[in-house]
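Chains, contacts and geometry: an overview
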Amino acid sequence: MCGIVGAIAKVNIVPVLLEGLLRLEYRGYDSAGLVVTNDGLHRLRTTGRVTELRKLAAEQKTSGLAGIAHTRWATHGEPSERNAHPHFSGEELRIAVVHNGIIENHEDIRIFLKKQGYIFTSDTDTEVIAHLIAFKLKQATDLMQAVCLSIAELQGAYAIAVMEETHPERIVVARNGAPLLIGVGKDGNYVASDSSALLKTTRNIIYLEEGDVAEINSQEYRIVNCLHKQTGEAVDRIVHESSISNEAIELGPYAHFMQKEIFEQPSAVANTLEMVFNAQSISANLFGNEAEKIFSRINQVLIIACGTSYHAGLVARYWMESVAGLPCNVEIASEYRYRDPIADPDTLVIGISQSGETADTLAALSYARKLGHLYSLAICNVPESALIRQTTLRFLTRAGPEIGVASTKAFTTQLASLLLLAVTLAKIRRHLSPEDEKKMIAALRHLPLALHNVLQVESQVKNWARNFAQKRHALFLGRGVHYPIAMEGALKLKEISYIHAEAYAAGELKHGPLALVDSEMPIVAIAPNDQLLGKLKSNLQEVHARGGELYVFADADSHITESKNLHAIRLAEHAGLLSPILHTIPLQFLAYHVALEKRTDVDKPRNLAKAVTVE
Ligand code: G6P
């Protein structure tokens, strides 16, 4: 989704803006732009990539000591140059605005502003903000106050950065529901929607809170909070030192971030479970100080998430039931928030999110609270995210920054965390003997090595990719806990290769999808040697008998023999509870190599965004 970068310093800041935008590319966007002050406001916009913007800046010799920049993922108005940010208000003494998020009441404000004589040149809700600030500036003492007065009238979730032509020595920003931070530098100050945009410039980061409005100049910053008062009250915010290494956001020897992130999974899972590896027993405190009390009180689990994180929740349902003996519901956040579910206060509500900024997940969790749910837990990869801040309990997946839009290491670290949670709940609720606890710790310790070993199947999976790349559709089958893994495999293929892929619980095949089976429909099956293998083999026979071409990911001990139209890749022997985590890897490789065959933009698939901060 959209990204913001702003900079003000004693030297030309255009390279900082462009570098920042490049770092934000992974979020997904369809146009980019920037404005700098240098004897007036100079704006560049393009529907091309950030490299195109860089080319324009070089051609026009754009430079300046202050500027704001943006990557836009279209919501209001098509992706076009005139809808790209920054947006201006005023002909001569101009205001420039960049904006992430959505202004829900933009229509009403637009009607009001049109009556005041403001002329609109784009279809965006952002232009409404620019004119509103210009209008408020007539009554305000300075830009910061005008922004405070304006945001009191804006409804929705947003982050903005604003500049004023007549006062090039300052940038004003505001946050309400979308992430925004200040980077404090030696020779300048910066703003961004994501810390990775600034890591090359400064590691000193202030995370703004809801309702914060800040003004930065090249030497100082000041922050007020306008949540309750339109004039704003001065607030102090802590300066954090970012611990994200440069390597974590660099590609290194890899061709794509997705490839890098697939290979990082053993270490990402090891980091996530590090606290368990060093312990003799599992402690509820890993999930927060109040975890033990809450875990012993709850009688069911409700998981809320979107996309890949939702699939992690679906896997966790099997573990909650079989390991912890707890009933568990899993909900798509965008559906849950508009239903009338019956709340039981003794439910543990779990929000799973890589980014911690997904608008639907955040809204669904606050809805759950409103309905009367008391206990919430975030499983999240971003420490300062909105999700982490709004739950009673939290557990960080320590996967490191995930840049590829298609989630890989975030998913397997979520699974590792959820398995740990199921085991912890089992222990607290006396569903786990001390011997079984020891066995579980041993299994979790083994997980990074087991993941490392599965990575070796890459070359075999790659051999299948060329055939898949010719196809227009694919079916993915799994049973039990591996059914959501099949769903995740189908999602990966769709996301990055644009091949239509659907997952079915293998037992459902005969109730409809079998009609689709012919030689043009490859069928991927996950066939671990678990208690459902016999049933799955019967389902595969149904496909085979109808001339379907099967691609089976089996365990070494699954006893599946290759034959005409049945290709098999074997992992190690069946890994018990760890099996769904391990069976994820070959499916990631399959999607990746098919996408390479099809020459798609693996890390930035069309139309998709990494963090979906709008509804
Ligand atoms: C987007 C991303 C997916 C992700 C989903 C949920 O659609 O492209 O990869 O699974 O959002 O994101 P979250 O950050 O909440 O896990």
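Throughout what follows, the structure given in this document is the object of discussion.

Thresholds applied
- Residues numbered from 1 in each chain as written.
- Predicted model: local features only at pLDDT ≥ 70, side-chain atom pairs only at ≥ 80, totals over all residues.
- Heavy atoms only, no water.
- Helix = DSSP H or I, 4+ residues; strand = E, 2+ residues; numbered from the N terminus.
- Buried < 20%, exposed > 50% of the residue type's maximum accessible area, 1.4 Å probe, protein only.
- Contact = heavy atoms within 4.5 Å.
- Near = heavy atom within 4 Å.
- Polar contact = N/O pair within 3.5 Å; in protein donor to acceptor, adjacent residues only side chain to side chain.
- Areas by Shrake-Rupley, 256 points an atom, 1.4 Å probe, with all protein chains shown as cover.
- Nonpolar A, V, L, I, M, F, W, Y, C, P; charged D, E, K, R; others polar.
- Salt bridge = Lys/Arg side-chain N within 4 Å of Asp/Glu carboxyl O.
- Disulfide = S-S within 2.5 Å.

1. Remarks on the environment of Asp30
Along the chain, the position of Asp30 falls in the loop between α1 (14–24) and β2 (31–37). According to the relative accessible area criterion, Asp30 is partly exposed, its value standing at 24%. With 315 residues separating them in the primary sequence, Asp30 and Pro345 have C-alpha atoms 43 Å apart. Leave out the neighbours within four places in its chain, and Asp30 touches Thr47, Arg72, Trp73, Ala74 and Pro79.

2. Thoughts on the site of the ligand
Taken together, 13 residues lie near the ligand, and Ser309, Ser353, Gln354, Ser355 and Thr358 sit nearest. At 2.6 Å from an oxygen atom of the ligand is found a side-chain nitrogen or oxygen belonging to Ser309. Ser355 places a polar side-chain atom, nitrogen or oxygen, 2.6 Å from an oxygen atom of the ligand. Relative to its free-state accessible area of 390 Å², the ligand is covered by the protein chains to the extent of 89%. The dominant element in the shell around the ligand, judged by the number of residues it contributes, is helix α11 (residues 307–322), at 3 residues. Partitioned by chemical class, the residues of the shell around the ligand number 4 nonpolar, 8 polar and 1 charged.

3. Brief notes about the pattern of salt bridges
Tallied over the entire structure, the rule returns 29 salt bridges. In this structure, Arg337 and Asp360 form a salt bridge, with 2.6 Å as the shortest nitrogen-oxygen distance. Residue Arg337 is found in the loop between α12 (333–336) and β18 (347–353), and its partner Asp360 is found in helix α13 (residues 359–370); the two are separated by 23 residues along the sequence. The class of Arg337 is buried, set by a relative accessible area of 17%. What makes Asp360 buried here is its relative accessible area of 11%. One salt bridge connects Glu495 with Lys492, and the closest N-O pair in it is separated by 3.4 Å. With Glu495 and Lys492 both in helix α18 (residues 483–497) and 3 residues apart, this pair spans about one turn of that helix. Here Lys492 falls in the buried class, since its relative accessible area comes to 1%. Connected through shared salt-bridge partners, Glu19, Arg23, Lys200 and Glu250 make up one network.

4. Looking at the state of the cysteines
What is meant by a disulfide is a covalent connection between two cysteines, made through their sulfur atoms. Here the structure, examined in full by the defined rule, presents 1 disulfide. The disulfide partner of Cys148 is Cys226, and the S-S distance across this bridge is 2.4 Å. With a gap of 78 residues between them, Cys148 in helix α5 (residues 143–151) and Cys226 in the loop between β13 (221–225) and β14 (233–234) connect regions that are remote in the sequence. Each of the two residues, Cys148 as well as Cys226, counts as buried. Left without a disulfide partner, Cys2 is nearest to the cysteine sulfur of Cys306, which lies 17 Å away. Lacking any disulfide linkage, Cys380 is separated from the closest cysteine sulfur, that of Cys306, by 13 Å. Among the residues examined, Cys380 registers a relative accessible area of 1% and is labelled buried.

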